Amino acid sequence: MTLTEAQARHAQFAGEIRRHDHAYYVAAKPVISDLDYDLLYKELQAIEKDFPDLVTPESPTQRVGGAPLSEFKSVRHAIPMMSLDNTYSQAELQEFVQRVQKLLPGETLEWVVEPKVDGLAVSLRYEGGNFLVGATRGDGTHGDDITTNLRTIRSLPLSLGAPGGDGQASHRRNAAGGDRDVVGGPETACGCPVPVADREADQMAAPAVLEVRGEVYMTRSGFEKLNAERVAAGEEAFANPRNSAAGSLKQLDPKIVAQRPLAIVLYGLGQVAEGRWPGTQQALLEWLKALGFKTPERTWFCRSAEELLAAIAELDQVRGGFNYETDGAVIKLNDFDQQRRIGATTKAPRWAIAYKYAAEQARTRLKAITVQVGRTGALTPVAELEPVFLAGSTIGRATLHNEDYIRAKDIRIGDMVVIEKAGEVIPAVVAVELAARTGAEPGFTFPTACPECGAATAKETGPDDTTGAIWRCVNRECPAQVRGRIEHWCSRGAMDIEGGGEVMAAQLVKHGLVRDVADLYALKLEQLVALERMGEKSAGNFLAALAVSKTRDLWRLLFGLGILHIGAGGAKSLGRHFPSLEAILTADEEALQTADDIGVVIAQSLLEWRADGANQSLIERLRAAGLNFTSQLYQSQGAAGPLAGKSFVLTGTLPTLTREAAAARIEAAGGRVSGSVSKKTDYVVAGAEAGSKLEKAQKLGVKIIGETELLELTGV
Ligand code: IVH
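Read on for a plain summary of the structure. Numbering of residues starts from 1 in each chain and follows the order in which that chain's sequence is written. Thresholds applied to this predicted model are a pLDDT of at least 70 for local features of residues and 80 or more for the giving and counting of side-chain atom pairs; totals over whole chains, interfaces and linings are not thresholded and use all residues. Just so you know, side-chain values use all the structure's heavy atoms and leave hydrogens and water out.

Some words on the overall build of the protein chain
Along its length, the protein chain carries 28 helices and 22 strands. The quantity called the radius of gyration is restricted to C-alpha atoms. Its globule counterpart is 2.2 Å times the number of residues to the power 0.38. The C-alpha radius of gyration of the protein chain comes to 29 Å, within 12% of the 27 Å expected for a compact globule of 716 residues. Each of the three principal axes of the protein chain carries a C-alpha extent, and together these read 90 × 85 × 45 Å. Within the span of the protein chain, comprising 716 residues, buried residues form 49% of the whole. If you sum the accessible surface of the protein chain, you get close to 32,300 Å²; carbon and sulfur atoms cover 51% of it. Asp and Glu count as negative and Lys and Arg as positive, but His and the ends of the chain are not part of the count. Here the site of a charge means NZ on Lys, CZ on Arg, CG on Asp, or CD on Glu. Computed over 79 positive and 91 negative side-chain charges, the separation of the two mean positions in the protein chain equals 0 Å. Per the convention used, a helix needs a DSSP run of H or I reaching at least four residues, while a strand needs a run of E reaching at least two, with both numbered from the N terminus. For every residue, the accessible area (1.4 Å probe, protein chains only) is compared with the maximum for its type, and the residue is labelled buried under 20%, exposed over 50%, or partly exposed between those bounds. A 1.4 Å probe and the Shrake-Rupley method give the accessible areas. Residues count as covered only by the protein chains that appear here.

This is the structure:
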């Protein structure tokens, strides 16, 4: 490929990826499969490898970059980031409207109502249309420079233009019938209508300096998944999406941030210079959207206090369907000139107010505080409650997070407490009704010994400084920990051993049959049959499942070992990068971090784990028991196989195979699947309704095959 060809291909692929990022992360209307996306991305990486000069900070490959920071730099906000006055009362909202009317006598007032997104306020600075600096609100005048973290958020455009983030040119190309299979006609990749940007380009182009403000949040679905993964990796669950978004942005290692399901929604302006920008909030939101930003998904335009109240009520009805948590509505005067004329107090603008919805809460009595011991020895205090109905279910237990939380809220046994459950949040005790205290309520002393085994406990600061300090039982033989480790090893996401659930783990540990996961492989039928409620058949099934588990892929074993911070994702990354357990256990910290998504936290945790003699002997016993220590994930990407070195492009619908299945077969046979046809393509596999890729293959004289030939080639 010549440099000119490479430039053209680079621009094309980068543009396509930006449009697909926009379609997926901003418009939530993906148009290609994950596999096709990955292929495009790999293609771009390959070009950049051969032509490093083509790499710019705006390239989609440059989102996660650089070594972890030692601290965040402070940045001064050119225009302070203010907070909002807020109210829970409709009467106060009406008073607010009257107050503004008094400041603007005789003028017509128009309002915009937006969801109040429960995230973290940030300011993004673009210069020349490119993302330059992003900062937290901080104290309002100075915030932390979290640019590298923000860059990892895929709904944040690295360069501005029409949706897709690479300027209007891309839309024109699509409109003229670009060479993509999926969308034709005058639409963007996400199916959005061609934005105003294309019609009034001069007004819509990004000013030379543009600061936009909004909220970083964690998606509800992402939050649930992340918490499940954290628990599986032996980490403490986050209390709610807001805390986890805050904790994520505080990370100094952008690799960790990149794995967090963060998103960003924009609704305001900071400094703007040299150019034109809208004069009303309503137009601003349209404009931001046309530039490629995600904006609040529903807003209301109102002309009176009555309309405002109706809008607020409607927002309350629909906000449960948003993918972010909202705790209220923000009411803003629409006209920027009116905003400017009434100005702000030292703290908040006079032209806006937040109306907060009361969270779903209930009062009940705290009967007792128990302490649960997890697989990693972490001690979690749990509130045992008088059962109470809240937000659709009966709640008898709620989390008290950690010792610091109980102390900060002065929670005592016998207290009347307020519990809250908002959205995806785990029910939690949020307040104590001090007025209801008799004085006889005993305070809670966190146990200094493990409630399960009596061993000493040690206090530990949260691993990433995002959760409170936690106590851990230091006895690795603690029955609660052993039970947890066995159960985790057998779990579906790890070694997938049927029958190895909570009850089995508890029995095996109770009867002293198993002290670690290697002991599982020495179990005898007669030992199992002797257990309570265990028939010969289920005992036999369990032994058979154990035998099958010996062949499981290495990543499952790695995950199953329950090494702190190594979740399924991290284990897979290691499995893809290293051929065997030996290779992982002898790699140094630096080598470990060359694997995708493996940062310093995981690398160090692994080093610590393997330095422990007990773990070394555990590995040797697993080896002696015949467990598989080689990585199939690694091998399947190897170049061996009948199709080694051959490159394939898939297009259209194949008679029986999905694209994913076809690609998996090609890769398993050593071939490579690419997203676009070039002279280097060896085969185009064409199915029904094959599009422009087929035409291109014909033009270039690339060999075209169907599913049957593909199956023959891959040796099936
Ligand atoms: S406007 C000068 N709009 O709420 C006014 N804020 O309680 C700036 N927030 O600091 C804020 N959604 O972090 C605005 N649609 C929205 C918002 C919003 C959430 C946050 C923001 C602000 C806080 C004030």
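Considering unusual backbone geometry
Phi is positive for A28, which is not a glycine, with a value near 55°. Locating A28 in the fold gives a position in the loop between α1 (3–26) and α2 (34–50). Classification of A28 by relative accessible area gives exposed; the value is 56%. Phi is positive for D496, which is not a glycine, with a value near 55°. Mapping D496 onto the fold places it in the loop between α15 (479–490) and α16 (502–510).

Quick look at the packing of α15 against α16
At a closest axis distance of 9 Å, the pairing of α15 and α16 adopts a crossing angle of 135°. What the angle tells us is that α15 and α16 run oblique. In the packing of α15 onto α16, the handedness of the crossing is right-handed. Of the residues in α16, those in contact with P479, V482, R483, I486 and E487 of α15 are E502, A505, A506 and V509. In this count, Pro and Cys sit with the nonpolar residues alongside Ala, Val, Leu, Ile, Met, Phe, Trp and Tyr, while Asp, Glu, Lys and Arg are called charged and the others, Gly among them, polar. Of the residues assigned to the contact of α15 with α16, the class counts are 6 nonpolar, no polar and 3 charged. Angles here are taken between N-to-C directions and fall from 0 to 180 degrees, while the axes themselves are lines fitted to C-alpha atoms, restricted in helices to the stretch in contact. For classification, angles of less than 35 degrees are called roughly parallel, those exceeding 145 degrees roughly antiparallel, those between 65 and 115 degrees roughly perpendicular, and all remaining angles oblique. Left-handed describes a crossing whose near helix is turned anticlockwise from the far helix through less than a right angle; right-handed describes the clockwise counterpart. Should any heavy atoms of two residues lie within 4.5 Å, those residues are considered in contact.

A word on the sheet that holds strand β9 (residues 300–302)
Spatial strand order, β2-β11-β10-β3-β9: 5 strands in an open sheet with mixed pairing. The sheet terminates laterally at β2 (86–87) and β9, the two strands that pair on one side only. One ladder, built from 5 bridges, connects strand β10 (residues 326–333) with strand β11 (residues 352–356); its direction is antiparallel. Across the sheet, A329 pairs through a bridge with Y355, a residue of β11. Sheet strands in contact with helix α3 (residues 90–103) are β2, β3 (111–117), β10 and β11, and its direction is about 175° off that of β11. Sheet strands touched by helix α12 (residues 305–318): β3, β9, β10 and β11. Its angle to β9, the strand with the most contacts, is close to 165°. Strands pair, by our definition, only if DSSP identifies at least two bridges between them.

Thoughts on the pattern of salt bridges
Within this document, salt bridges are pairs made up of a side-chain nitrogen of Lys or Arg and a carboxyl oxygen of Asp or Glu, the two lying within 4 Å of each other. Across all of its chains, the model carries 34 salt bridges by this definition. Ionic pairing is found between R213 and E211, a salt bridge with its closest N-O pair at 3.2 Å. Comparing R213 with E211, the two get one shared label, buried. One connected set of salt bridges, linked through shared partners, spans E107, D337, R340 and R341.

Regarding helix α23 (residues 600–611)
In an α-helix there are 3.6 residues to a turn, and that puts residues three or four apart on one side. End to end, α23 covers 16 Å across 12 residues, agreeing with the expected 16 Å (1.5 Å per residue, within 8%). Listed in full, the buried residues belonging to α23 are I602, A603, S605, L606, W609 and R610. End-on view of α23: buried residues confined to an arc of 165°, all on one side of the axis. For α23, the exposed residues lying more than 90 degrees away from the buried face are E608 and A611. Where α23 is buried, its residues meet α20 (568–577), α21 (581–586), α22 (589–592) and α24 (613–624). Here a helix's expected span is defined as the number of its residues, less one, multiplied by 1.5 Å. It is the directions from the helix axis to the C-beta atoms that the arc portrays.

Observations concerning the site of the ligand
Around the ligand sit M82, L84, E114, P115, K116, V117, A121, E215, Y267, V330, K332 and P349, and that is every residue in its neighbourhood. Between N or O atoms, a polar contact is any pair within 3.5 Å; within protein, one atom must be a potential hydrogen donor and the other a potential acceptor, and residues adjacent in sequence are included only when both atoms are from side chains. Within the side chain of E215, a nitrogen or oxygen atom sits 2.9 Å from an oxygen atom of the ligand. Side-chain polar atom of Y267 to a nitrogen atom of the ligand: 3.3 Å apart, as the coordinates give it. When the free accessible area of the ligand is taken as 520 Å², the share hidden by the protein chains comes to 85%. Of all the elements in the fold, those that place two or more residues in the shell around the ligand are β3 and β10. In this text, near means that some heavy atom of the residue lies within 4 Å of the molecule or strand in question.

Read these as spatial facts, not as claims about activity.
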